[in-house]
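Working through the structure, step by step
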Amino acid sequence: MTNIVGISALFHDSACCLLQEGVLVAAAEEERFSRRKHDPDMPKRAFNYCLAAGALTIADVDCVAFYEQPSRKLARQLWTMLPDFTADSKVLSRLDAARPAREIREVLGFEGPIEFVEHHYAHAASSFFFSGFSDAAILTVDGVGEWATTTYGVGHDNDILIFETVDFPDSLGLLYSTITNYLGFSVNDAEYKIMGAAAYGLPKYQKQIRTMVQSHAAGQYSLDLKYFDFRSLDRMYSDDLPELFGAPPRNRGAEVTQFHKDLARSIQFVLEEILLEKAEYLHKTTGSENLCMAGGVALNCVANSRILREGPFRKLFVQPAASDAGSSLGAAAIVARRANGRDLKPAALNHAYLGPQFGSDEIISLLRAMGLKATDCRGKEPDLIAAVVHQLSQGKVVGWFHGRMEFGPRALGARSILADPRIEGMRDKINAQVKRRESFRPFAPAVLETKAHEHFDLDHPSPFMTETCRVTSRLHLPAITHVDGSARVQTVDADSSPRFASLLNAFERSTGCPILLNTSFNLSDEPIVCSPLDAIVCFIRSELDLLVLEDFIIDRSALGTAAQALLHDARVADHSAVRHSTYTLF
Amino acid sequence: MIRQPERLKLVANQLADFFVTEQGTHVFSLIKALSDQPPSEHPEIGGSSGPKVAEVLPTDRVGIWEPKLRKQGLCYLRTNVVGEPSSFWARTACIPPKGSKQRVVLLGESVARGYFYDPYFTPASVLQHMLITVCRTDNIEVVDLARTNLLLQPLMELARSALVLKPDVFVVFAGNNWTEAAFVSEQLPELAVSLRRGGWRSVKEYLEGQLRDRVRSCLEFFASITRDQGIPVVFVLPEFNLLDWRTDHRSPPLLSLESTGEWLALRSDAECALRGDHFESAKSLGLRISELDGGTTPCGANILAEVNNRMGAVTEAREFFEMARDSAICLPRRQTPRCFSVIQETIRAAGESNSIDVVDLPIHFQRYLSGALPDRRLFLDYCHLTVEGIRVAMASVTAAILPHLKHPGPAPQDLLNIPFARNLKIEGEAHFLAAIHNAHWGQGSDIVRYHCQKAVEHSPEVSATISYFLDFQLRKAPSCLCQAFEEMCQLDNLSVLSALFNRETPLEEKILSQVLVQELTAVLGAHDPEKGRAAEQILFQEHSVSQKEINLLQHAYAVDSWAAPPDSDRFGYYRALEPVSRFRLICEDCLPVQLNLIYRIKNAELKQEIFVLLNGVHVQTLPAPSRWQTATIALPAAMLSKGFNLIEIRWPLCSWSLPSWIESVATKLAMNRPWRADIDVVYGEIHSLRATPVKVNSSQNFVERAQPLSQREETRVVAV
């Protein structure tokens, strides 16, 4: 089997990837094409993109690998509904183990073999097989797959063995989501906001959190279910939870008070402590110096950095799309290995640029239609770089669109908003005028890999923004330094991101600073931009000063006022593809 | 939350393993069916008795008008409401407190807005003018609360909230947007029962019954306003453009293989008979078609209507045109708004029982036209009225209102003599917008040409708007981003802007209608040849295959009408729901083109074939594979025309079992799964259809994301 497509879908954040001869050729989340945030539907657009990227027809696909076992998931859903699983007909009607196969056939039109891979096995493979490690301990942590919520495994060459699991309803991911829910933020969406808010608080409520979750021997832990309600469609906690904290739940949109920040800090602290403890256990059990992590909780980069710094492992790899979207990679890798023998192992993932790219013709056609004046820098990259550096150093905020789109939730210099990190007030400006999101949320830096150690407490490449570190720079970097002195760094190397590295180099030559603020190119509650059209629409609707569309530079002053006025309040993206009041268990 | 016993996880695993087997799937579906709760009260209507006005608390807002205290008292000011498109609502800026003026409150849909003329010329303004003129007083005001796309339940909510405005009379001009009231998700299991019992024609009857009940509830609600609040309600019964608007459907839903085959053959024969003026033959063919599909498509009725109309039998023609209109209640396609016979009959019955006053526009229009069928004189499209239509309608409404305002008044025909200032520019633009709307709903070149010509006759200045429109409509970029659109906005024409810009879907894909482009280019070219040529250049620049590969499955080339199949974007490939699929190919230079097709026909039988035609001429015959297969088709230069070319793929009729098909749809209905996409026959499926100019190496030809064809396909290139 040469061409294996991996799919994650029907839950949240659907995605598709293509392995050809064991090489990862393409991967993308469906939301980027459909413009529906967290789009859970069968990823038909991402699928068709993967075919095109691999120069394949649908008949050329040898197998589709799906990222979970539907019958085991159904079992967990039935058990959750006990003692009477027929009692809630609305929930019961949604249980449909045949849906994945049916939709792969009906929606995608695929005729060939379909294989199902256990969810956490897919997570484990998505990390280990793309880590470049010949051996590693593997830790996967999420809300829940079929039954498992946490798994402990070991990888050697082409093999992965999962030797211990923690099963539903005991789940660190669901614990974190429950607190997220209680704090009035969207579940499956805003857990990282809690992580960001934690830096503003103190762990005053760790004792209360510890009554909700207890760590046990080996890899085990358990939740005290009296505080939870995973059967409700409206919330994840019981009435006991507000009593535990002595405060009512926060309403969405209400002020975030010190209590909320302290609670965020507390859940973050407890999560880190438990993960550290379990990392110790995993190290003792496996003896490996390397750790691979995956699952939604592995996107908690603050916890990841503690594991690396304080834990027993020397190296840590977290695949950039560590949540469900990325498990499509693992599913495909496992099926490729099954089909093609034990020798097949995908190459290490050095970059996340796996999505579509767009040529000048399409951009020119768009600019011509809009009558937009743009500076054409085709064949003149140094001029383009120089112009952008000038604007950045003047305090302008730049939309940067170049090359293949990133796979995963982080913008890594392909679909990024860039700014000078040294400017006081830049963070607030971008939060308020461009991203339109909560003011407490920090921004992340991109730094030349060769210069990272001079400015951050970082002694290794970190290309995927999966860990945080301390800012040690002598430069004043208010826009990317979080209130606790940390930053979630992306190290940029010239081999993987030549143009982005050139930009950073030029910025350093001009300003002495090899660092740029790098945040995702999207407005709050919209998917990251994918196409030039998406970028232009976002440019219009935001207050970005400049747009760099591949080799073309467009200044805001070139925009027509009518389009701005028309698009300002118009509906350009579906902000609610999944329910955010609870974790989607059914 | 209680922790269930761990041992039960094993049992759950075993049960789930059973439920995914064939037998277990069936058992699981039975368990789901047994546990199904009775449908909750329909959230829209609130049960058959309807909401009583006295029981309902008054709302704070009236539509998008919010109460604000001003010097003169509590006014209602038009505001922007999050989630509610402001452009849909009448542009009444401020509703002052009720003073000494007699107040007529107008509620209604886009027809009541004067769609295409609004805000410059509206039924509300015409009504007010007529009332003031006849009553010789300024002491009457008409408050316009009309909203485009207003549905049945929101209409009642609006009326309820509008009571605070203290109307002396309500005028309700609605009934075109009520189709959706027939489909209620809680009652889909009953629909499944109807389907199993009597096929799709039973579904039509069921839906009509549901609609009748809901309309009765609505009318009872309005009757209670009169009864309990003492406010007269005048209900304006809408009419439809029977003569000029065609509802069409090219394949019958949910019939047996034999009946479908017969239906398709009959249709073809009937169209042939009509072309040759063989009326008796066409008549019997049309009757047989209607028997076969039970009136669930407009096909038979269209033929019979056409025959009778040409034979001068107007009454019979009307009957069949109405049948064609009514078939849309169950057509598996998005359809234009319309007032079905079941709605008209129910409203008339309410009028006869005197529970509400009814202004029966079908009858008034018939009188006005001296018995002729309603057509383009009174309608710009399916239901939106011309200036003449609005005046005739409002004359009838005025006559009905006057007694309630305690004014004697002349007959409606005398009201038509009241002079009105005409705005030819606005009328010209309305015809221009109507040309677009007609074309985008698949109407023929005759009516599109009519509106294009009327547009420039009324106002030569419209050619500037036409020029801008062609510019941005022909470009792939979303219209609202185009420079031409920006420039058109400078013309400051609200009616054009609100018709052409949809705030809900500002980036929606465009239709590249050959009919519209050709008729508008012709009209523009006659006025300004240079602009006509410029439009043509944009067409080639954006869409011509001469320089680049074209994906013919893109909306612009594959879709020719907004009457799209439901759930069409659910699939990752094209589904042929008609026996002939049509794609537009634009060529600037007539050089040979290669078509690369990946297709299949599920349930294909041995030796069945597919025919590919170019501009009506056969170019290739292909096998009918049941699994995806790639084919390459050469389109010789000599067969291509500069401009639009039509590629047709004619599919065979493959086998299916009607009982299995019905059961499959009924099961999905009963389980509230997506079902609409399953109503039509799927003649074939296309995963990819790309046109490439032959002169250029295909690997250099890509500006889209697609990569060059795989090796496998390149070896299949046919030498030209």
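For every chain, the first residue of the written sequence is number 1, and numbering continues from 1 along that sequence. The naming scheme follows written order: chains are lettered A onward, ligands numbered 1 onward. Note on the predicted model: pLDDT of at least 70 is required for a residue's local features to be given, and 80 or more for side-chain atom pairs to be given and counted; whole-chain, interface and lining totals, by contrast, use all residues. Water and hydrogen atoms play no part in the side-chain values, which are based on all heavy atoms of the structure.

A few words now on the overall build of chain B. Numbering of helices and strands runs from the N terminus, with a helix taken as a DSSP run of H or I at least four residues long and a strand as a DSSP run of E at least two residues long. In terms of helices and strands, chain B carries 24 helices and 17 strands. Note that the radius of gyration is over C-alpha atoms, with the globule rule given as 2.2 Å times the number of residues to the power 0.38. Computed over its C-alpha atoms, the radius of gyration of chain B comes to 28 Å, within 12% of the 27 Å expected for a compact globule of 720 residues. Each principal axis of the C-alpha atoms in chain B carries an extent, and together these give about 85 × 80 × 60 Å. Taken over 720 residues, chain B has a buried fraction of 56%. Averaging the coordinates of the 74 positive side-chain charges in chain B and doing the same for the 83 negative ones gives two points 3 Å apart. Exposed residues in this analysis have more than 50% of their type's maximum accessible area, buried residues have under 20%, and partly exposed residues fall in between, with area computed by a 1.4 Å probe over protein chains only. Two residue types count as positive, namely Lys and Arg, and two as negative, namely Asp and Glu; His and chain ends fall outside the count. Charged groups are reduced to one reference atom each: NZ for lysine, CZ for arginine, CG for aspartic acid, CD for glutamic acid.

With that out of the way, let us pick up the sheet that holds strand β8 (residues 159-167) of chain A. Residues and elements named next belong to chain A. The strand order β8-β7-β6-β11-β12 describes an open sheet built from five strands, whose pairing is mixed. A strand with exactly one partner marks an edge of an open sheet, and here the two such strands are β8 and β12 (315-318). Each strand of the sheet is rotated relative to its neighbour by a mean of 20°, with strand direction disregarded. Bridge count between strand β7 (residues 148-156) and β8: eight bridges; the pairing is antiparallel. Residue pairing in the sheet places T150 in a bridge with V166 of β8. Any two strands between which DSSP finds at least two bridges are classified as paired. Only C-alpha atoms enter the line fits that serve as axes; for helices the fit covers just the stretch in contact. Angles between N-to-C directions range over 0 to 180 degrees.

Right, let's talk about the side chain of R376 of chain B for a bit. Residue and element names in this part refer to chain B. You can see R376 is positioned in the loop between α12 (361-368) and α13 (387-401). We classify R376 as buried; its relative accessible area is 18%. Whether two residues are in contact is decided by their heavy atoms, any of which lying within 4.5 Å being enough. Beyond its immediate chain neighbours, meaning those up to four positions away, R376 contacts N241, D244, T386, D446, I447 and Y450.

This part covers the nonpolar core. The set of buried Ala, Val, Leu, Ile, Met, Phe, Trp, Tyr and Cys residues whose side-chain atoms join them within 4.5 Å is what this entry labels a nonpolar core. Core analysis: the largest hydrophobic core is formed by 442 residues, its most contacted members being F245 of chain A together with L145, W178 and F222 of chain B. Ranked by the residues each element gives to this core, the list is headed by helix α6 (residues 188-229) of chain B, at 16 residues. Once residues lying within four places of it in the same chain are set aside, the contact partners of L145 of chain B are V62, W65, W89, A90, I95, V105, L106, L107, L158, A162 and L165 of chain B.

Residue and element names in this part refer to chain A. What the five strands build is an open sheet, ordered β3-β2-β1-β4-β5; its pairing is mixed. Either end of the sheet is taken by a strand with one partner, and the two such strands are β3 (23-29) and β5 (114-116). With direction set aside, neighbouring strand axes in the sheet form an average angle of 20°. With six bridges joining them, strand β2 (residues 15-20) and β3 adopt antiparallel strand pairing.

Residue and element names in this part refer to chain A. Residue alternation in strand β21 (residues 546-549) divides its side chains into two sets, L546 and V548 and L547 and L549, and both sets are buried. With four bridges connecting them, β21 and strand β22 (residues 552-555) associate as antiparallel partners. Opposite L549, over in β22, you have F552 as the bridge partner. In textbook terms, the turn of a hairpin is the stretch between consecutive antiparallel strands, and for β21 and β22 this stretch comprises two residues, one of which, E550, has a positive phi near 50°.

What follows is about the packing of aromatic side chains. Working definition: rings of Phe, Tyr and Trp (its six-membered ring) pair if their centres are within 6.5 Å, and the pair is stacked with planes under 30 degrees apart, edge-to-face with planes over 60 apart, and tilted otherwise. Applying the stated criterion across every chain yields a total of 34 aromatic pairs over all chains. Considering the side-chain rings of F66 of chain A and F116 of chain A, the 6.0 Å spacing of their centres and the 80° angle between planes classify their relative orientation as edge-to-face. Here F66 of chain A is found in strand β4 (residues 63-66), whereas its partner F116 of chain A is found in strand β5, with 50 residues between them in sequence. Classification of F116 of chain A as partly exposed rests on a relative accessible area of 22%. Look at W245 of chain B and Y382 of chain B: their rings are 5.0 Å apart centre to centre, the planes differ by 75°, and that puts the pair in the edge-to-face class. Of the two residues, W245 of chain B sits in the loop between β7 (233-237) and α7 (257-275) while Y382 of chain B sits in the loop between α12 and α13, which places them 137 residues apart along the sequence. The two residues W245 of chain B and Y382 of chain B agree in class, both being buried. A cation over an aromatic ring shows up here: R76 of chain A above the ring of F168 of chain A, its NZ or CZ 5.5 Å from the ring centre. A ring is considered to have a charge above it if a Lys NZ or an Arg CZ atom is located within 6 Å of its centre and within 35 degrees of its normal. The aromatic ring of F571 of chain B is capped on one face by R575 of chain B, whose charged end is 4.1 Å from the ring centroid.

Residue and element names in this part refer to chain B. Expected span, for any helix, means 1.5 Å times one less than how many residues it has. Its 13 residues place the ends of helix α10 (residues 314-326) 18 Å apart at the C-alpha level, agreeing with the 18 Å of an ideal helix rising 1.5 Å per residue. Within the span of α10, buried status applies to A317, R318, F320, F321, E322, A324, R325 and D326. For α10, the secondary structure elements touched by its buried residues are α6, α9 (299-310), α11 (341-352) and α12.

Okay, the interface of chain A and chain B next. Contacts between chain A and chain B engage 77 residues on the former and 61 residues on the latter. In total, chain A and chain B occlude about 5,700 Å² of area from one another, counting both sides; carbon and sulfur atoms represent 59% of this. We define buried area as the total accessible area lost by two parts upon association, computed with a 1.4 Å probe and summed across both. In terms of surface lost to chain B, no three residues of chain A exceed W79, E111 and L566 of chain A, which account for 13% of the buried area on that side. Definition used for salt bridges: Asp or Glu carboxyl oxygen within 4 Å of a side-chain nitrogen of Lys or Arg. Taken together, chain A and chain B are joined by six salt bridges. When the shortest N-O distance is used, the salt bridge between R600 of chain B and E111 of chain A registers 2.8 Å. Counted as a polar contact is a pair of N or O atoms within 3.5 Å, where, for protein atoms, one must be capable of donating a hydrogen and the other of accepting one, and residues adjacent in sequence contribute only when both atoms are in side chains. For the pair chain A and chain B, the number of links is 21 residue pairs in polar contact (both at pLDDT 80 or more).

It is worth spelling out the pattern of salt bridges at this point. With the rule as written, the count across this model stands at 74 salt bridges over all chains. Among the ionic pairs, R147 of chain B bridges to E84 of chain B, the shortest N-O distance being 2.7 Å. Taken as a pair, R147 of chain B in the loop between β5 (140-144) and α5 (152-162) and E84 of chain B in the loop between β2 (73-78) and β3 (94-95) lie far apart in primary sequence, 63 residues in all. For E84 of chain B, a relative accessible area of 24% corresponds to the partly exposed category. Salt bridges linked by common partners bring E106 of chain A together with R570, K668 and D678 of chain B together as one network.

A few words now on helix α17 (residues 462-474) of chain B. Helix length check: α17 of chain B (13 residues) gives 18 Å between terminal C-alpha atoms against 18 Å at 1.5 Å per residue, within 8%. Turning to α17 of chain B, its buried residues number three or more, namely V462, S463, T465, I466, S467, F469, L470, F472, Q473 and L474 of chain B.

A separate point is the packing of α7 of chain B against α9 of chain B. How two helices sit against one another is set out by the angle between their axes and by the gap between those axes. All names here are of chain B. At a closest axis distance of 11 Å, the pairing of α7 and α9 adopts a crossing angle of 15°. In terms of their interaxial angle, α7 and α9 are classed as roughly parallel. Our pair here, α7 against α9, has a crossing hand that is left-handed. In contact with W263, R267, A270 and L274 of α7, α9 contributes C299, I303, E306, V307 and R310. Considering only residue class, the contact of α7 with α9 consists of six nonpolar, no polar and three charged. By the definition adopted for this analysis, an angle is roughly parallel if under 35 degrees, roughly antiparallel if over 145, roughly perpendicular if from 65 to 115, and oblique otherwise. Note on convention: the crossing is left-handed when the near helix lies turned anticlockwise from the far helix by less than a right angle, right-handed when the turn is clockwise. When residues are sorted by character, Ala, Val, Leu, Ile, Met, Phe, Trp, Tyr, Cys and Pro go into the nonpolar class, Asp, Glu, Lys and Arg into the charged class, and all the rest, Gly among them, into the polar class.

Residue and element names in this part refer to chain B. Overall, the predicted model of chain B reaches an average pLDDT of 89, with 93% of residues at or above 70. As a per-residue quantity, pLDDT reports the predictor's confidence and falls between 0 and 100. The lowest-confidence element of chain B is helix α24 (residues 711-714), averaging 30 in pLDDT; the highest-confidence one is strand β6 (residues 169-173), averaging 98. Taken together, the stretch residues 38-58 has pLDDT below 50 and engages in 31 contacts with residues farther than four places along the chain or on a different chain. The model gives residues 700-720 a pLDDT under 50, and that stretch makes 47 contacts with residues more than four places away or in other chains. On the interface metric, ipTM, the complex scores 0.93, and its pTM is 0.92.

Here we come to empty space enclosed by the protein. Residue and element names in this part refer to chain B. Grid spacing is 1 Å over the protein atoms alone, the probe is 1.4 Å, and a cavity is where that probe fits but cannot get out, while a pocket is an open set with protein on both sides within 12 Å along at least five of seven lines and lining residues have an atom within 4 Å of a point. Grid points are joined across faces, edges and corners, and a volume is the space filled by probe spheres set on the points. If you walk through the whole model with that rule in mind, you get seven cavities of 30 Å³ or more. When its residues are assigned to classes, the lining of the largest cavity shows six nonpolar, six polar and one charged. In this structure, the second largest cavity spans a volume of roughly 60 Å³. Taken together, F240, L242, W245, R246, T247, N302, F321, A324 and R325 make up the full set of residues lining the second largest cavity. A per-element tally of the lining of the second largest cavity places α10 first, with three residues. Split by residue class, the lining of the second largest cavity holds five nonpolar, two polar and two charged.

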